[in-house]
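Inside the fold
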Amino acid sequence: MRYTLKDYQGEAVRDVLGNLVQARDMYHRYGSLSQFSLTATTGAGKTVMAAAVIEALFFGNDEFDFDADPGAVVLWFSDDPSLNEQSRVRVGEAAGELDSRLRVIGTTFSEPSLRPGHVYFLNTQKLSKNSRLVRGEPTPAPGQGRLFQPRPDEMQSSIYDVITNTVENKDLTLYFVLDEAHRGMGTPSKDRSTIVQRLINGHGVVPPMPVVFGISATVERFEAAMKDSKGRTALPSVEVDSALVQASGLLKDDIVLSIPTEQGVFDTVLLRRAVEKVRASTAAWLAYADEQEETDPVIPLLVVQVGDKPTQEMLARTLDTIYDAWPELGPDAVANVFGEHQDLLVGQQLVPYVEPQRVQDDQLVRVLLAKSAISTGWDCPRAEVLVSMRPAKDRTHITQLLGRMIRTPLARRVPGNELLNSVDCLLPFFDRKTATGVAEMLMKGATSKDEEDTDTGGGEGRRVLFDPVNLHRNPEVPQEVWDRFVALPSVTIPKKGVKPIRRLTALATALSKDNLVEEAVEKAHRYLHSVLDGRAVQYKENIAHAREDVLTMSGEEARGRIGGGFSYRSFRESADPRAIEDSYRAAARILSPALCSSYVDHLVGPDGDDDDLLEGNINVASLGRVVEVTKAVEVEADDLARTWLTETRVARKGLSDERQAEYDRLEGMSTHPERISLTAPKVAQADRKAREKDGTEHDLPVRRLHLMAAEDGTVPVDLNEWERKVLDSESAQPGFKGWYRNPSRAAKESLAVAYKDGTGDWKAMRPDFIFFSSQRDGQIVADLVDPHGHHLADAMPKLRGLADFAEKYSSEFRRIESVAETGGQMRLLDLTKHSVRAAVRDATDARALYESEVAINY
């Protein structure tokens, strides 16, 4: 893979591969048909995940412990030709080894069968009745109508002959990938099924697809259609948690809505505002590129959404407004993606048609005219501003298009800058109530099966803001407070399936690349070589038994007697080089290929011959079978990685954001919560008004001395009663210098505390407040205070996580407290005290804990 998979992507790929192994076994062993789907929100990287799955299917993958399927054939099907081509390009970009194996089935396709180890791309339009691919469709079964023209020559094959030959070849397995699976799966008519359903279910003499793998953000209709298929086993769907996608930084955190607050016609007014926003965004991205010393800055795009039948007058007014507000915009900077696929002549200006999949890379295009959702599967990360001229009744069309604009341009979050992590949407023909409906749709992300294709991505941590106020560093807050803030500890949230040896090798490679640790890879491997040498002596007897297993093969011979009965006799044979190589590969999956290779070199030495090399491979294969050895190496690898990350923490702050993002990823590959640094916020934004579901609104109260503030030194606060009481109480204390509302999303400027939920999975809690005060000696101290309801299901797990955090880091805070109201009284647990932490660990009921003697009045 050319891309490094995000953690949630890797887990999804592992689960998909597990389903494919089961599906293949069921088909070849029992002839059983199967189906399942990969469900992930818009922007999650579904095509990248699919590319990783296919690459593993063809070539195997040690990280996923997956062996290649030599008979694998993939038929990738979608409802739209442009989506088909876009998917082909993306799969090739993501998986380098697939470059020469991606083939588009054109009208001249004439091969008798699909080849193993190849991906074939096909779309609905190529299977229409007038297509050359289907002329000569096999004779339908009795009672089924003929959809296509008969073949003119009985020797000519149709695509259905090709599919039949492929499915009937016992050495092959045809995997049918249905891209954007919610398209083309409508309820079939009484007389015929849709083309997609015919492909899946088979028709006439054409057999059904053995394995169907659907990929989409909305798969309910797909799964409902598959349930109607007879004799097809539904394997578990692979569902990606939208909160993990949002936390990864692939999706923009904030969606900013702008609407009129009075009656009138304001389309050109808000269009000018949209131009101002895209120009400001352009300047911000250029400044960021200059700060990061990048030569390829993000070039933001303005998308103007019009009605289905825009008039010449309306288009002319739109262009005039844009050029009046943006005089330096070139005549070739405006394009359209209308469904007619034609160039437009608006007045004297030519507005060329551009294919949707080309918009992202064609950076000469700065303004894009669109109608509805452009196309299923289309996305444009550099699209930063959308102004929609559609009326409020078309809100589904607006959320469809906006959902295609939420991917972050750099495929990562920009640390500390909420403006660069947001997308703007301006709605001239909406009022407060209808705009609130759009906000609700945006917040809930994926929609129901009744609202097809309105997924807007995102999950926990996303905000929808209405004309927010920009916040910058508060000049009233002393620099000493900021110094204390960036010195505070945050922690990683441990991941499943982490492989410490691979993590150490990746970390060493990064440290060497950035000249932070000289010859880090060599040092890491030398260190692990010494660990393996030591454990080889310590577990000598275990390794001797393992060596015998590597060098011999045990079997059993069964003999049948005439008249009934069997006799069994065991036998042993010496393993041949092929069997030894397989044992070596098994060890490499555990110890990593890089370490195994370098350790063989360590054992053999520079003067070793082929026999020495074979002996080295046998030794590595033997070590890999001893659990005590592999566990010890993993522990030592984890310790060295943690040491290097700690030693380079200060030096890494001088790297670019892109390089720091790589270390963030490596820090996140932890098996236990590990300390990481906080990043100081630079630019933020906050709503000024609170809006109710009925569209009514009121001004939010403001407070002073927040670390980030508007020009007047205040920040709007959207807090519940408990939180407001805590804030006002703390800000009235002597020596109070400032406060910080800890963001609830997974950002580098958010302090995280790790805890285990009820199922034992690691999660993040983000305490509400950090308060800063000056002591008598002038030292700035920090207080971590979290008002949290004792009635909530996660109350006890979060309290235990906060207790563990306090156990390790209480010396860096003056106070670490959890606050809750019970019986009309605010009560607190002081987690810097050992007795309170012990009580928290023993407790089973949060309310009883707050009402006990270990808690005190706030």
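Rules of the game
Residues numbered from 1 in each chain as written. Predicted model: local features only at pLDDT ≥ 70, side-chain atom pairs only at ≥ 80, totals over all residues. Heavy atoms only, no water. Helix = DSSP H or I, 4+ residues; strand = E, 2+ residues; numbered from the N terminus. Rg over C-alpha atoms; globule rule 2.2 N^0.38 Å. Buried < 20%, exposed > 50% of the residue type's maximum accessible area, 1.4 Å probe, protein only. Contact = heavy atoms within 4.5 Å. Areas by Shrake-Rupley, 256 points an atom, 1.4 Å probe, with all protein chains shown as cover. Expected span 1.5 Å × (residues − 1). Pairing = 2+ DSSP bridges. Axes fitted to C-alpha atoms, helices over the stretch in contact; angles between N-to-C directions. Parallel < 35°, antiparallel > 145°, perpendicular 65-115°, else oblique. Left-handed = near helix turned anticlockwise from the far one by under 90°. Nonpolar A, V, L, I, M, F, W, Y, C, P; charged D, E, K, R; others polar. Salt bridge = Lys/Arg side-chain N within 4 Å of Asp/Glu carboxyl O. Phe/Tyr/Trp six-rings, centres within 6.5 Å; stacked < 30°, edge-to-face > 60°. Patch = residues over 30% accessible without salt bridge, like charges linked within 9 Å, V, L, I, M, F, W, Y side chains within 5 Å. Lys, Arg positive; Asp, Glu negative; His and termini not counted. Charge placed at Lys NZ, Arg CZ, Asp CG, Glu CD. Core = buried A, V, L, I, M, F, W, Y, C linked by side-chain atoms within 4.5 Å. pLDDT = per-residue confidence, 0-100.

Re the overall build of the protein chain
- In terms of helices and strands, the protein chain carries 25 helices and 36 strands.
- Taking 29 Å as the expected radius of gyration for a compact globule of 858 residues, we find that the protein chain reaches 31 Å, a close match to that expectation.
- Seen through its C-alpha atoms, the protein chain measures out along the principal axes to roughly 95 × 80 × 55 Å.
- The buried share of the protein chain, taken over its 858 residues, is 54%.
- Summarising the internal contacts of the protein chain: among those between residues at least 6 apart in sequence, 72% fall at separations of at least 24.
- Only carbon and sulfur atoms are counted for the fraction: they give 48% of the accessible area of the protein chain, which is about 38,600 Å².

Comments concerning helix H8 (residues 267–291)
- The terminal C-alpha atoms of H8 lie 36 Å apart, and with 25 residues this matches the ideal 36 Å at 1.5 Å per residue to within 8%.
- Within H8, burial applies to Asp267, Leu270, Leu271, Ala274, Val275, Val278, Ser281, Thr282, Trp285, Tyr288 and Ala289.
- Tucked into the core, H8 has its buried residues touching strand S9 (254–258), strand S10 (301–305), helix H9 (312–325), strand S15 (383–388), strand S16 (422–426) and helix H21 (657–668).
- With its phi angle positive at about 60 degrees, Glu293 sits one or two positions after the end of H8.

Examining the environment of Gly45
- Along the chain, the position of Gly45 falls in the loop between strand S1 (33–39) and helix H2 (46–59).
- In this structure the C-alpha to C-alpha distance between Gly45 and Val245, which are 200 residues apart in sequence, comes to 9.1 Å.
- When residues no more than four places from it in sequence are discounted, the contact partners of Gly45 are Gln9 and Arg407.

Observations regarding the pairing of S10
- Here S10 lies mainly inside the structure; five of its five residues are buried.
- In the sheet, S10 pairs with S15 via five bridges, with the strands oriented parallel. The residue bridging Leu302 from the neighbouring strand is Val385, located in S15.
- With four bridges joining them, S10 and strand S14 (residues 367–370) adopt parallel strand pairing. Directly across from Leu302, in S14, lies its bridge partner Val367.

Observations concerning helix H4 (residues 159–168)
- Counting buried residues along H4, eight of its 10 residues qualify, which places the element largely inside the surrounding structure.
- Within the sequence span of H4, burial applies to Ile159, Tyr160, Asp161, Val162, Ile163, Thr164, Thr166 and Val167.
- Buried positions along H4 lie against helix H1 (7–30), strand S2 (72–78), strand S5 (173–179) and helix H5 (195–201).

Details of the sheet that holds strand S35 (residues 825–830)
- As summarised here, the arrangement of the six strands in space is S29-S32-S33-S34-S35-S36, forming an open sheet in which the pairing is mixed. For this open sheet the edge positions go to strand S29 (736–741) and strand S36 (856–857), each flanked by a neighbour on one side alone.
- Pairing geometry for S29 and strand S32 (residues 769–774), over five bridges, is antiparallel. Across the sheet, the residue bridging to Trp739 is Phe771, located in S32.
- On top of the sheet, helix H22 (residues 721–731) reaches S29, S32, strand S33 (780–787), strand S34 (815–822) and S35; it is set at about 10 degrees to S32, its chief contact.

Points about the packing of H2 against helix H3 (residues 81–94)
- Relative to each other, H2 and H3 sit at 60 degrees, their axes nearing to 9 Å. One element, H2, and the other, H3, form an angle in the oblique class. The chirality of how H2 crosses H3 is right-handed. Across the interface between the two elements, Thr47, Val48 and Ala51 from H2 touch Ser87, Arg90, Val91 and Ala94 from H3.
- Within the contact of H2 with H3, the residues separate by chemical class into four nonpolar, two polar and one charged.

Comments concerning the pattern of salt bridges
- If you walk through the whole model with that rule in mind, you get 55 salt bridges.
- Residue Asp699 is joined to Lys689 by a salt bridge in which the shortest nitrogen-to-oxygen separation is 2.5 Å. Linking Asp699 in strand S25 (residues 697–699) with Lys689 in strand S24 (residues 689–691), this pair joins segments that are 10 residues apart in sequence.
- The class for Asp699 is exposed, based on a relative accessible area of 53%.
- Lys689 gets classed as partly exposed once you look at its relative accessible area, which sits at 31%.

Brief notes about the sheet that holds strand S27 (residues 708–709)
- Here we have three strands laid out as an open sheet, ordered S23-S18-S27, and antiparallel in their pairing. A single partner strand is all that each edge strand has here, and the edge strands are strand S23 (683–686) and S27.

Observations regarding the packing of aromatic side chains
- Summed over all chains, the structure comprises 13 aromatic pairs.
- Here Phe485 and Tyr740 contribute two aromatic rings whose centre-to-centre distance is 4.9 Å and whose plane-to-plane angle is 70 degrees, an arrangement assigned as edge-to-face. Taken together, the residues span a long stretch of sequence, with Phe485 in helix H12 (residues 479–487) and Tyr740 in strand S29 at a distance of 255 residues.
- Given a relative accessible area of 3%, Tyr740 falls into the buried group.
- An aromatic cluster is defined as three or more aromatic residues linked by ring pairs; in this entry it consists of Phe736, Trp739, Phe769 and Phe771.

Details of the packing of helix H17 (residues 593–604) against helix H18 (residues 610–624)
- Running from N to C, H17 and H18 cross one another at 130 degrees; their axes reach a closest spacing of 9 Å. What the angle tells us is that H17 and H18 run oblique. The element H17 and its partner H18 pack so that their crossing is right-handed. Note on element contacts: H18 touches H17 through Asp612, Leu613, Gly616, Asn617, Asn619, Val620 and Leu623, opposite Cys596, Tyr599, Val600, Leu603 and Val604.

What to know about unusual backbone geometry
- In this structure, Asp65 takes a positive phi of about 50 degrees despite not being glycine.
- Here Asp65 lies in the loop between H2 and S2.
- Given a relative accessible area of 46%, Asp65 falls into the partly exposed group.
- Within the chain, Ala411 stands out as a residue other than glycine whose phi angle is a positive 60 degrees.
- Along the chain, the position of Ala411 falls in the loop between helix H10 (395–402) and S16.

Notes on the side chain of Asn474
- You can see Asn474 is positioned in the loop between strand S18 (469–473) and H12.
- With residues up to four places along the chain from it excluded, the contact list for Asn474 reads Leu705, His706, Leu707, Met708, Ala709 and Gly713.

Examining a negative patch on the surface
- Together, Asp609, Asp610, Asp611 and Asp612 make up a region of like negative charge exposed at the surface.
- Here Asp612 shows up in helix H18.

Details of the nonpolar core
- Counting 74 residues, the largest nonpolar core has Leu38, Met49, Trp76 and Leu257 as its most contacted members.
- The biggest single contributor to this core is H2, with 10 residues.
- Among the nonpolar cores identified, the runner-up in size contains 63 residues, and Tyr809, Ile816, Leu828 and Val840 belong to it.

Focus: the confidence of the model for the protein chain
- Residues of the protein chain with pLDDT of at least 70 account for 91%, and the chain-wide mean is 88.
- Across the protein chain, S27 holds the top mean pLDDT of 98, while helix H6 (residues 220–227) sits lowest at 66.
- The low-confidence segment residues 186–193, where pLDDT is below 50, has eight contacts with residues more than four positions distant or belonging to other chains.
- This stretch, residues 446–454, has a pLDDT under 50; its non-local contacts, to residues over four places away or in other chains, come to 21 contacts.

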